[in-house]
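Here is what each chain is made of, one letter per residue.
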Amino acid sequence: MSSGETIWTDDPPFPANAKRAVNNAQLRRNIRKATTTIRERRANLVGEMPDWQELRTSGAAIKDEVLRNLDRYLEQFEAAATGRGAQVHWARDADEANSIVASLVAATGETEVIKVKSMATQEIGLVRALAERGIAAYETDLAELIIQLGHDRPSHIVVPAIHKNRAEIREIFLKEMNDAPADLSDDPQALAEAARQHLRRKFFEAKVAISGANFAIAETGSLLVAESEGNGRMCLTLPDTLISVVGIEKLLPTFRDLEVFLQLLPRSSTGERMNPYNSVWTGVTPGDGPQNVHVILLDNGRTNVLRDEVGRQALRCIRCAACLNVCPVYERTGGHAYGATYPGPIGAVLTPQLVGVEHASELPFASSLCGYCYEVCPVKIDIPTVLVKLRHDAVRTGRHPVEGALFGAAGAAMKGRRRWTRALRLAPLMRFARRGGPPPLSRWTSVRNLPEPPDQSFRDWWVRQHESAREVIRERKRQ
Amino acid sequence: MSNDRETLRVALFATCLIDALFPDAGRATVQLLERLGQRVEFPLEQTCCGQMHANSGYFEVELVGRYVDVFSRYDAVVVPSASCAASIHHQHPMIARAAGDEALAVRAESVGSKTYELSQFLIDVLGTDDVGAYFPHRVTYHPTCHSVRLLGVGDRPLRLLRNVRGIDLVELPRWDECCGFGGTFAIKNPDTSAAMLADKMDAVIDTGAEVLCAGDRSCLMHIGGGLERIRAGVRTLHLVEILASTEDEYRPDRAPARSQPGAAPARSQRGAAPAATEEPPG
Amino acid sequence: MSARDEILARVREAIAPASPSDRQVPRDYRTRTEDGIDRFIERLHHYQARTQRIAAGRLEKGVRATLADRGVHRVLAPDGIPDGWLKNLERLTDTPPLDPPALDGVDGVITTCALAIAQTGTIILDGSAGMGRRALSLVPDYHLCVVRADQIVGSVPEAIAKLDATRPLTFISGPSATVDIEMVRVGGVHGPRRLEVIIAE
């Protein structure tokens, strides 16, 4: 089975990746500035919703309902979409999805396609797979365009070029965009205008577009794409053929359920009451938009996630990235450190489950378990609890024998009063390693002292006090 | 204080960290509770709640069983650590279930429901947010992640601190941000942890506080270790050490920390002797 | 086994331990709000859209004057837009369908809408008369939308309840924009860079 680019197999594990990122001051400034902005905007807009918690509760419950009955909803969606003129395909993994897309494109005779930003197509590595088959796929979302032109990788779920500031983006445009104006400034407005001019002709000439979907409605067979720029609308309406790659967990039971998610998603993702554009389409509409409409339902590890009763809540995710924007680890390391399509807290729980924890065993540990992600998650994914569960799975793969032995020894000392009391009397030895020591201790003492150990443990003090109290009582009795 | 409260059978779960490395916080807890009229017991069979193990992926169901056995006989268990209290509430039943022991999970839920983090015990059980403390220093408070987000202590610690006489309490900038401790996170991801620590120390130093306090000695060990390394001149104290401080007894601000051998027992001399612990359970 | 059958089998195996239940989804959130025209206008202004309130009796004159003021002389108007709104202007229709460069060449497009949401400053087009196919409100650089006051609902749930899911729907909340550069919202990318809403009362 191939998982495409769910994980970037050429990358070192998280701690080493993170070290590089943490030492990149420019990167840290860029990410801190952007996440601070979006964090405040989200907080303000959520604050004005007196029923936010009720919306979160409903959002989680709707997604859980889908997951509990996923087979039924998938069949219902297929029947409804097919009935409205769409062709529904199924893909077990990344390779299969890429092959289906490539053959659908080949059947049109086209060698160029335009793309709407989509996490599912990132995950399966579609652009690269199409290129290998001689098909050029052009990203049309501004941030994805920046990534594609810069031969870079996305580092955020909603704003993939968050690691680049305006000056860096200007450099990329001047170097890689053949029609960029020579006097291009680094004003975001001017950069957006350059992207508009660059892509306009492509929109008008393209015959095939590829998208993902934010939501798929089982009841009606409809898909919804949420976006801001209008590139999505261009892709969804101008070409003759539209191919949408949709993860099987994207389903909602009914159209009515959008009333919850269209409130949760924009506030959580871009910090807006509503993003500029939402497009909803159901199969083929004669005379309006693409007349060849394909939907590819993608598994690619999702059924693995579904199997885990604790971990399956990660499939509620609506890709809003609120957890990334508040995460103190993400803020320091950026998204590339995670070495995976899905970065940040949600990536740390989703990626190991999609590919198997043995292939991403460092990711569940890439968190201080501060819980901010859970607090902001619009569908109440208890990310810290899932992380701990995945850590449990990770250590059971037996990849850290030394650590396992240390924890085993500590655990053993804690399982008896005498042993524990004796162990505590070793604490004063710490005095000799307060400012340095062998690894792994040195990872602590590189930037912090160990505490000055006390002369006696709390329990030794207690016992002594307790004994002296008994003496006082005995003394009183004698008197 | 009502008779009901006086007849509560209250145990202290000191946590392994305070027991081993920060006995001052344990002593302060005993002193504070006794000053408020509580008789506190410290069952000696207690060791560790297993949080550090669990958060590192090692589920020690025996430690869960031990906690439940030791503390099930008490009416209330006071824990001067939000992080451990949260683990007892949320992780103990999960660990028991992961081990297939539903009976233990149910008992763990029951003991968890009468396990209180210190500020919750003071305000929710004893019904007081003024413990009569005196601490004439500039102090800033770091609301630890587990106290705010897992346990939901809300503003209880701040309500307690605001009522301390003489205190100059200053708000910590970006207080809602994690300090970067995260248990073994600090070891497994040392660079990221150090970056988070540096930002937290900057915020602490910006306040001009003499003392940084929090409800978790573990986070304070991390931040305090960093502050000591850069010679920031800011001391760390557990919240309870400030609350235990009064005008005429127990002055951690005056005490020369641990530089004088034997100083600690001396300054914990109090009027009341600790309650005699009956035969330890287990 | 086909991919379809295999995926469905994996799903069934994965969810088998959980008994299928009829657990009701709680819906304790607000299903209506009191937001009205003023809130709608406030939100549109927040998105940098222009707005006007015009009495129904003066609508013809108001639309004509607006288009003239904005320099929009070649106006794309889908079927269903009254001729009276476009007197003395060059009206282009979409029959036969215009290709994208032709759509790009008009000065602007005028449409009505199916519904509007006050709380979020959203107009919703569903492709029926007065709105045309989706591309018409997308390619031209100026979009004038006429909203009847009685089409404005308070909140998202009120709007969803009134929409037909099987029609092609476009939710528009302000002009085209992006936050892709440093999370700063800037207007004007691929969709219409100027959005104007006339509320007919």
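Novice: Can you walk me through the packing of aromatic side chains in this structure?
Specialist: The geometry of an aromatic ring pair is captured by the separation of the ring centres together with the interplanar angle, meaning the angle of the planes. For the coordinates displayed, the defined rule picks out 14 aromatic pairs over all chains. An angle of 50° between the planes, with centres 5.4 Å apart, marks the rings of F215 of chain A and F261 of chain A as tilted. Highlighted residues: F215 of chain A in strand 5 (residues 215-217) and F261 of chain A in helix 12 (residues 258-269), separated in sequence by 46 residues. Both rings, one in W444 of chain A and one in F181 of chain B, keep their centres 6.1 Å apart while their planes meet at 90°; by these two values the pair is edge-to-face. You can see W444 of chain A sitting in helix 21 (residues 441-445) and its partner F181 of chain B sitting in the loop between strand 6 (168-170) and helix 11 (185-188), one on each of two chains. The exposure class assigned to W444 of chain A is buried, which follows from its relative accessible area of 5%. Aromatic rings pair up to connect F458, W461 and W462 of chain A together with F42 of chain B into one cluster. For K188 of chain B, the ring lying beneath its charged end belongs to F365 of chain A, and the centroid distance is 4.4 Å.

Novice: Before we go on, may I ask you to explain the sheet that holds strand 5 (residues 115-117) of chain C in this structure?
Specialist: Spatially, 8 strands are ordered 8(A)-5(A)-6(A)-9(A)-9(C)-6(C)-5(C)-8(C) in an open sheet, and the strand pairing comes out mixed. For this open sheet the edge positions go to strand 8 (251-252) of chain A together with strand 8 (152-153) of chain C, each flanked by a neighbour on one side alone. Note that strand 9 (residues 277-282) of chain A and strand 9 (residues 169-172) of chain C share 4 bridges and pair antiparallel. The residue of strand 9 of chain C that forms the bridge with S279 of chain A is T170 of chain C. Against the sheet, helix 12 of chain A makes contact with strand 5, strand 6 (222-227), strand 8 and strand 9 of chain A together with strand 9 of chain C, and its axis sits at roughly 175° relative to strand 5 of chain A, the strand it touches most.

Novice: How should I be thinking about the interface of chain A and chain B in this particular structure?
Specialist: By convention, interface size is frequently given as the accessible area that disappears when the constituent parts associate. Between chain A and chain B, the residue contacts involve 69 residues of the former and 77 residues of the latter. Summed over both partners, the interface of chain A with chain B buries about 6600 Å², with 60% contributed by carbon and sulfur atoms. The largest share of the area that chain A buries against chain B comes from F407, F458 and W462 of chain A, three residues that together contribute 12% of it. The interface formed by chain A and chain B includes 13 salt bridges. For the salt bridge of D199 of chain B with R332 of chain A, the shortest nitrogen-to-oxygen distance reads 2.7 Å. The tally of links between chain A and chain B comes to 35 residue pairs in polar contact (both at pLDDT 80 or more). The leading source of residues in the side of chain A that touches chain B is helix 22 (residues 458-478) of chain A, at 9 residues.

Novice: How should the interface of chain C and chain A be read in this particular structure?
Specialist: Contact with chain C, which involves 74 residues of that partner, is made by 97 residues of chain A. Summed over both sides, the interface of chain C with chain A buries roughly 7500 Å², with 57% coming from carbon and sulfur. Three residues, E182, M183 and H190 of chain C, lead the burial of chain C against chain A; their summed loss comes to 12% of the area buried on that side. If you look at where chain C meets chain A, you find 17 salt bridges. Summed over the shared surface of chain C and chain A, the number is 38 residue pairs in polar contact (both at pLDDT 80 or more). Top contributing element to the side of chain C that touches chain A by residue count: helix 1 (residues 3-15) of chain C, with 11 residues. Residue composition of the side of chain C that touches chain A, by class: 37 nonpolar, 18 polar and 19 charged.

Novice: Help me understand the domain arrangement of chain A in this model?
Specialist: By domain assignment, chain A separates into domain 1 (20-303) and domain 2 (422-478). The straight-line distance from the C-alpha centre of domain 1 of chain A to that of domain 2 of chain A is 57 Å.

Novice: Would you take a moment to explain helix 3 (residues 52-68) of chain A for this structure?
Specialist: What sets the pattern is the α-helix's 3.6 residues per turn: residues three or four places apart point alike. Here helix 3 of chain A spans 24 Å end to end across 17 residues, near enough to the 24 Å set by a 1.5 Å rise per residue. The element helix 3 of chain A is largely enclosed, with a buried count of 13 among its 17 residues.

Novice: Just to check I follow, could you spell out the packing of helix 22 of chain A against helix 3 (residues 23-35) of chain B for this structure?
Specialist: Axis angle and axis distance: for two packed helices, these are the angle between their axes and the distance between the axes, and together they describe the pair. At a closest axis distance of 9 Å, the pairing of helix 22 of chain A and helix 3 of chain B adopts a crossing angle of 45°. In terms of their interaxial angle, helix 22 of chain A and helix 3 of chain B are classed as oblique. On helix 3 of chain B, the residues that touch F458, W461 and W462 of chain A of helix 22 of chain A are P23, G26, R27 and V30 of chain B. Across the contact of helix 22 of chain A with helix 3 of chain B, the residue classes break down as 5 nonpolar, 1 polar and 1 charged.

Reading the values: rules and limits
Residues numbered from 1 in each chain as written. Chains lettered and ligands numbered in written order. Predicted model: local features only at pLDDT ≥ 70, side-chain atom pairs only at ≥ 80, totals over all residues. Heavy atoms only, no water. Phe/Tyr/Trp six-rings, centres within 6.5 Å; stacked < 30°, edge-to-face > 60°. Helix = DSSP H or I, 4+ residues; strand = E, 2+ residues; numbered from the N terminus. Buried < 20%, exposed > 50% of the residue type's maximum accessible area, 1.4 Å probe, protein only. Lys NZ or Arg CZ within 6 Å of the ring centre and 35° of its normal. Pairing = 2+ DSSP bridges. Contact = heavy atoms within 4.5 Å. Axes fitted to C-alpha atoms, helices over the stretch in contact; angles between N-to-C directions. Buried area = accessible area lost by both parts, 1.4 Å probe. Salt bridge = Lys/Arg side-chain N within 4 Å of Asp/Glu carboxyl O. Polar contact = N/O pair within 3.5 Å; in protein donor to acceptor, adjacent residues only side chain to side chain. Nonpolar A, V, L, I, M, F, W, Y, C, P; charged D, E, K, R; others polar. Domains from an automatic or database assignment. Expected span 1.5 Å × (residues − 1). Parallel < 35°, antiparallel > 145°, perpendicular 65-115°, else oblique.

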